[in-house]
Amino acid sequence: MSARCLECGTILIQEAIARPEALQQTVDNLDRRMYIGYGGLAGFVVGMGSWMVISQDEAEVKGWLLISVMTGAALGRFIAWRRRNRLE
């Protein structure tokens, strides 16, 4: 955690304590699971909405939702990976 100037945004006080490796790994695992869950939920909602608009064939709904949820979860995993590996 760092303290920044309210006017110019420069760092005034920077924390020098680094996170232990086990703690950082736990935080990364929780973030990854959270983003996968949010992505899967968003994929489900988008898949259900698009199925209602485009198809409405009841034989296709399971496959349609499975693909949507898996795509949303993959995008959530990608977002978690990008957040972990970005340079600050």
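Residues numbered from 1 in each chain as written. Predicted model: local features only at pLDDT ≥ 70, side-chain atom pairs only at ≥ 80, totals over all residues. Heavy atoms only, no water.

1. Focus: the overall build of the protein chain
Summing up its helical and strand segments, the protein chain has 2 helices and 2 strands in all. Walking the protein chain from its N terminus toward its C terminus, one meets helices and strands in the order β-β-α-α. Sequence separation of at least 24 residues holds for 43% of the intrachain contacts in the protein chain that already meet a minimum separation of 6. Total accessible area on the protein chain stands at roughly 7400 Å², and carbon and sulfur atoms take up 63% of it. (Helix = DSSP H or I, 4+ residues; strand = E, 2+ residues; numbered from the N terminus. Contact = heavy atoms within 4.5 Å. Areas by Shrake-Rupley, 256 points an atom, 1.4 Å probe, with all protein chains shown as cover.)

2. Focus on a nonpolar patch on the surface
On the surface, Leu41, Phe44 and Val45 cluster together into a nonpolar patch covering about 280 Å² of accessible area. Its location among the elements puts Val45 in helix H1 (residues 21–54). Here Val45 falls in the exposed class, since its relative accessible area comes to 52%. (Patch = residues over 30% accessible without salt bridge, like charges linked within 9 Å, V, L, I, M, F, W, Y side chains within 5 Å. Salt bridge = Lys/Arg side-chain N within 4 Å of Asp/Glu carboxyl O. Buried < 20%, exposed > 50% of the residue type's maximum accessible area, 1.4 Å probe, protein only.)

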